[in-house]
Amino acid sequence: MLNALRQRFNIPPRNEWRSWIGKMIDERVRIITAGLSIKELRAVVRGDPPTEKPNPRYKVITTSFIAHLRPRYYPAASTWFTHTFRLGWFTTFFFIVETLTGVILMVYYIPFPDQAYGSILEIESNVFFGELMRDAHRLGAEGMVIFSWLHLLRTYFTGSYKGPRTFTWLTGVLLLLITAWLSFTGYLLPWDQLAYWAVTVGTSITDSGPVVGPALNILMRGAPDIGTGGLLRFYLQHVILFPLIAILFISIHYYKVAREHSISLPAVIEETEITQEEKKEANRRIDLIPDLLSHEIFLISIGTFALLAILYFRLFNSPLETHANPQATPLDTKAPWYFWWLQGMLKIDPASIIENLVNPLFEMVGISFRLELSKLLNSKFIMGLVVPPGLVLLLMAIPYIDRNPSRLARNRPFAIAWGLAWVFIVIALSYMGTPQYGIETPPATRIIQDLAPEEGEGPLRLIPYAELQQGIYVVGEDYGDDLCPGLAYQPNPEEDVNNVVIGCPHLTAVFEQFSERLLEAEAEGGLPDLNARLIVEQLQANMFRVTPHVEWSDPITGDAKAYEHTYYLHEDRAREE
Amino acid sequence: MKRVQLEIILGTVFVLLSAAIMIVLGIREPQRLADYEVQQRAEEIEFGASVFVTNCTRCHGTQAQGITGIAPSLRDNHFFTQRIAEVGWGAGLEDYIVSVVTTGRQVSTRPQLYVGGGTPAMPTWSEKFGGPLRDDQIRAVAAFIMNFEPYALGQVPTVEPLLPVVDESTPEGRGQVVFLQAGCNACHTISGLSTGTIGPVLDGVGLRAATRVEGLTAEEYIHQSIIEPSAYVVEGYADGLMPQTFAETLTEEQIADLIAFLLTLQ
Ligand code: HEM
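> I'd love a proper account of the site of the ligand, names of residues and values included.
All names here are of chain A. If you check the shell around the ligand, you find 25 residues, and the closest are His151, Arg165, Gly172, His253 and Ser264. Here an oxygen atom of the ligand and a backbone polar atom of Trp89 are 3.3 Å apart. Note that a nitrogen atom of the ligand is positioned 2.8 Å from one of the side-chain N or O atoms of His151. Sorting the residues of the shell around the ligand by element identifies α7 (87-108), α9 (130-157), α10 (166-188) and α13 (228-261) as the ones contributing at least two each.

Here is the structure:
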């Protein structure tokens, strides 16, 4: 009976068991590692040379699916840190961070307008590590955008788009667009004022297009205004369609680099006279297993730590404004900062610039003809729908426009200058795109907004609750040094009993800022017949209502005008300074 | 030291630091969640206050204190302690508020006391039934009303509401105060002061009062409008909407101040 079993399973005699079991385990390990024996694994981890011939570490790359996406080796010089700065690598890292945190967020997020905002609040207030996941996802998104731009600049300045890498560059430009679109579609999902209006303004660009413009707008929004349909469309694009497209293009992009043309050698190695020795060292193989991999594990540990440290020290916090309200356009609609350049461009009106240049010339020469381009050219259409796609095409065409074969910076002064010029143009446009730039707000509105923006903190909201004292404080009246001399409180009695604040310094400072700026505006003639006050009322046992109120007469028509905004300040609302 | 060794050491340090951060965050997480919830409730109440002020004050008064004849107080002891038993509501008060506000009130349950806007007494507020408010706004306004509890139960002394700055040494100034205190603002719009819509706009009433009823001066007409509204009903408005009780609730002096104030609205 036992003998039959022994034969059935090929079990050797007892004295051979040790080597027999060892062999069996080794076989399994080889299958799992796609070619490495236990001994070999040990050598890999210890950094010893391969134990067998042919090198089993290369075998892994042909047999394993995951590993076959990776290079066998890179030449030493192309792994110099100062050559790549690991920018493309970190872009991929952020993409993976986004995928992992995104899948977790998907478990809790509900893509319907009446529940979306609530589900975000739920994530923040009722899911263990929910805020961490949301912050990491948002930070990772910004990281991916930043790093793909930096990576683009790096490949541009090292001239890596030339020669065999033109197609890699092209897929890279597509990846830049995909990254931008992923972040834009994700921006809508929290369904707060920020999200709703940034995306409404963003999609409205297509509206100015001829014929298909409005249709395209409807296609994106699902209806004339973004609603249930629009949110679902953005959601599905964000969690399914574009992640899949991104994976596809990252794979193509990376496969080119890893398996076809490798990372470019630094131009100094390829194009300058160097010794044979240096050349040999530059081309020394850095194998995937173990050197590239161990380095990547190191990079992962840096990246993870950096992300967590930023979140731990609260250097980054995902914004969440009030619930989206299609009826109330906020004063400043904010696109994410990496789209400010586009927003800045939309503030340019090319037709009137040309008119202003050309018409004075006509006048000088005495021709009565006046160019009226504004009637023909819709600036939103030009700056929103013609110029940006034009720029993308230009970016794609760079390898074909730049026919200079050298990649050495000193041989391509024009390309370098051109690249730097664009960096400055984008920065300048971004500056113009900041929400405040070039947008005139009436002084009373601006002053109250600066005191207490519609969304977020501002000095008024930071007044400690204990300092709020009911009263009507009239601008121009003299209240002495402090508005409430009869008030005293302990800011944090648990930590420091002896710390007592007398009066209401914060409330007084806010009132002073309010008064000073208003009186200044009055003196400049913007607010004649100024009559303003700050009203502080106790509405509930633990909540005050604060209303800055301004009346004036219109400087031109003389009509009576008034502006006020009401704020509610609850005791439990955190006031972080 | 070889580069790879340095990387191994640094990498280990970073992994340990990352783990430490996660542990610290994990220990703090329950507290953070609790804090966030408190904060969230505070924000909801603030938001509810703004919803209340834009939608509800014209019937329930600027501080939810109610307006005689129109709509009940939402901050008194009765509302907080007896109301749900009175109407036979099974669940809590906050749910009651959400439910009433969502659907509105076709007819008042106390028509002799509170007529509201007639029919419906209180309109439907939920977006789902054609009203203007989303669910989260309704929940927020309920949170705001619930926050009157310490006042309603007398746990905290109520603070007298503030009144706009006016010169109280003149009858016109005092009249403006009476206008707000008596709740006239709930039904009448005066630019810059009030936004009620149930009764006529009172801008310019000082001018037209003289021409309303033959034989009555402007002063006499306004006096009559206040103490005896049905004597002359402005065209387009139903008789009986304006409370008939001001003759009793206001003193002669207050009415005189009111008239002086209304006459300034030329
Ligand atoms: C989602 C965005 C992107 C990802 C994940 C990505 C990933 C990578 C990776 C991992 C490499 C290997 C070399 C390195 O780490 O620097 C690489 C190389 C390269 N990438 Fe990207 N990339 C992205 C976007 C772009 C963009 C926007 C461009 C430029 C338009 C670009 C152009 C290139 C080029 C030309 C190379 C070859 C560099 C060389 O051989 O020196 N990539 N990319």
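> Run through the coordination of the iron atom of the ligand, naming residues and quoting values.
Residue and element names in this part refer to chain A. Protein-derived ligands of the iron atom of the ligand are His151 (NE2) and His253 (NE2), with the metal-ligand distances lying across 1.9 to 2.1 Å. Coordination at the iron atom of the ligand is octahedral, judged from the six donor atoms that bind it and the angles of 84 to 180° they form at the metal. Taken together, the residues span a long stretch of sequence, with His151 in helix α9 and His253 in helix α13 at a distance of 102 residues. A relative accessible area of 16% places His253 in the buried class.

> I'd love a proper account of α7 of chain A, names of residues and values included.
Residues separated by three or four positions in an α-helix point in the same direction, a consequence of the helix having 3.6 residues per turn. All names here are of chain A. Given a rise of 1.5 Å per residue, 22 residues ought to cover 32 Å, and the 32 Å separating the end C-alpha atoms of α7 matches this to within 8%. All of the buried residues in α7 are Leu87, Phe90, Thr91, Phe93, Phe94, Phe95, Val97, Glu98, Thr101, Gly102 and Leu105. Looking at the buried side of α7, the elements it contacts are α6 (81-84), α8 (113-126), α9, α10, α13 and α16 (288-312).

> Tell me what's going on with the packing of aromatic side chains, and back it up with residues and numbers.
Geometrically, a pair of aromatic rings is defined through the distance of the ring centres and the angle of the planes. Residue and element names in this part refer to chain A. All chains considered together, the criterion is met by 35 aromatic pairs over all chains. Arranged with centres 4.9 Å apart and planes meeting at 90°, the rings of Trp89 and Phe90 form a pair that is edge-to-face. Their ring planes at 35° and their centres at 5.5 Å tell us that Tyr109 and Tyr235 sit as a pair that is tilted. Note that Tyr109 is positioned in the loop between α7 and α8 and Tyr235 in helix α13, a separation of 126 residues in sequence. Neither residue differs from the other here; Tyr109 and Tyr235 are each classed as buried.

> Could you give an account of the domain arrangement of chain B, with specific residues and numbers?
All names here are of chain B. Each assigned domain of chain B is listed here: domain 1 (57-152) and domain 2 (171-263). Its C-alpha centre places domain 1 at a distance of 27 Å from the equivalent point of domain 2. With six residues of domain 1 at the contact, the number on the domain 2 side is six residues. For the domain 1 and domain 2 pair, buried surface summed over both sides reaches about 540 Å², with 69% attributable to carbon and sulfur atoms. Among the residues domain 1 hides against domain 2, the three largest losses belong to Arg58, Ile67 and Ile70. Together they make up 63% of the total. Our count for the domain 1 to domain 2 interface comes out at zero salt bridges. At the boundary of domain 1 with domain 2, the tally comes to zero residue pairs in polar contact (both at pLDDT 80 or more).

> Talk me through the nonpolar core; I want residue IDs and the actual numbers.
Formed by 32 residues in total, the largest nonpolar core has its most connected members in Leu460, Leu468, Leu507, Phe514, Leu518 and Val550 of chain A. At the level of elements, α22 (443-451), α24 (505-523), β6 (531-540), β7 (543-553) and β9 (567-570) of chain A are the ones that each hand at least two residues to this core. Once residues lying within four places of it in the same chain are set aside, the contact partners of Val550 of chain A are Ala444, Ile448, Phe514, Leu518, Leu530, Asn531, Ala532, Lys561, Ala562 and Tyr563 of chain A. Counting 30 residues, the second largest nonpolar core, distinct from the first, contains Phe52, Leu93, Ala142 and Tyr151 of chain B.

> Residue-level account of the domain arrangement of chain A, with values.
Residue and element names in this part refer to chain A. Split by domain assignment, chain A resolves into domain 1 (2-69), domain 2 (73-328), domain 3 (339-432) and domain 4 (443-576). Taking the mean C-alpha position of each, domain 1 and domain 2 sit 39 Å from one another. Contacts between domain 1 and domain 2 engage eight residues on the former and 10 residues on the latter. With both chains or domains summed, domain 1 and domain 2 bury close to 830 Å², and 62% of this area falls on carbon and sulfur atoms. Where domain 1 packs against domain 2, one counts zero salt bridges. Applying the counting rule to domain 1 against domain 2 returns two residue pairs in polar contact (both at pLDDT 80 or more). Among the elements that make up the side of domain 1 that touches domain 2, the one with the highest residue count is helix α4 (residues 56-63) (four residues). Looking at the side of domain 1 that touches domain 2, its residues break down into five nonpolar, two polar and one charged.

> Please provide a residue-by-residue account of the interface of chain B and chain A, values included.
Opposite the 47 residues of chain B that make contact, chain A presents 47 residues. Summing the contributions of chain B and of chain A, the shared interface buries around 4,100 Å²; its carbon and sulfur component is 63%. Our count for the chain B to chain A interface comes out at four salt bridges. For Arg573 of chain A, the salt bridge goes to Glu46 of chain B, with nearest N and O atoms at 2.8 Å.

> Provide a residue-level description of a negative patch on the surface, including the pertinent values.
All names here are of chain A. There is a patch of like negative charges on the surface, built from Glu477, Asp478, Asp481, Glu512, Glu516, Glu520 and Glu524. Looking at the element boundaries, Asp481 is found in the loop between β3 (471-474) and β4 (488-489). Asp481 sits in the exposed class, given a relative accessible area of 76%.

> So what's going on with helix α18 (residues 350-365) of chain A? Which residues, and what values?
All names here are of chain A. With 16 residues, α18 extends 23 Å from end C-alpha to end C-alpha; this agrees with the ideal 22 Å at 1.5 Å per step. Of all bends in α18, the biggest is about 25°, found at Asn356, and the proline Pro360 comes one to four residues later. Lining the buried residues of α18 we find α19 (373-376) and α20 (379-401). One or two positions beyond α18, positive phi appears at Gly366, with a value near 95°.

Rules and cut-offs
Residues numbered from 1 in each chain as written. Chains lettered and ligands numbered in written order. Predicted model: local features only at pLDDT ≥ 70, side-chain atom pairs only at ≥ 80, totals over all residues. Heavy atoms only, no water. Near = heavy atom within 4 Å. Polar contact = N/O pair within 3.5 Å; in protein donor to acceptor, adjacent residues only side chain to side chain. Helix = DSSP H or I, 4+ residues; strand = E, 2+ residues; numbered from the N terminus. Donors = N, O, S within 2.8 Å, 3.2 Å for Na, K, Ca; no water. Tetrahedral: all angles 85-135°; square planar, octahedral: opposite > 155°, others 65-115°. Buried < 20%, exposed > 50% of the residue type's maximum accessible area, 1.4 Å probe, protein only. Expected span 1.5 Å × (residues − 1). Contact = heavy atoms within 4.5 Å. Phe/Tyr/Trp six-rings, centres within 6.5 Å; stacked < 30°, edge-to-face > 60°. Domains from an automatic or database assignment. Buried area = accessible area lost by both parts, 1.4 Å probe. Salt bridge = Lys/Arg side-chain N within 4 Å of Asp/Glu carboxyl O. Core = buried A, V, L, I, M, F, W, Y, C linked by side-chain atoms within 4.5 Å. Nonpolar A, V, L, I, M, F, W, Y, C, P; charged D, E, K, R; others polar. Patch = residues over 30% accessible without salt bridge, like charges linked within 9 Å, V, L, I, M, F, W, Y side chains within 5 Å. Areas by Shrake-Rupley, 256 points an atom, 1.4 Å probe, with all protein chains shown as cover. Lys, Arg positive; Asp, Glu negative; His and termini not counted. Charge placed at Lys NZ, Arg CZ, Asp CG, Glu CD. Bend = angle between axes of the 7 residues up to and from the residue.

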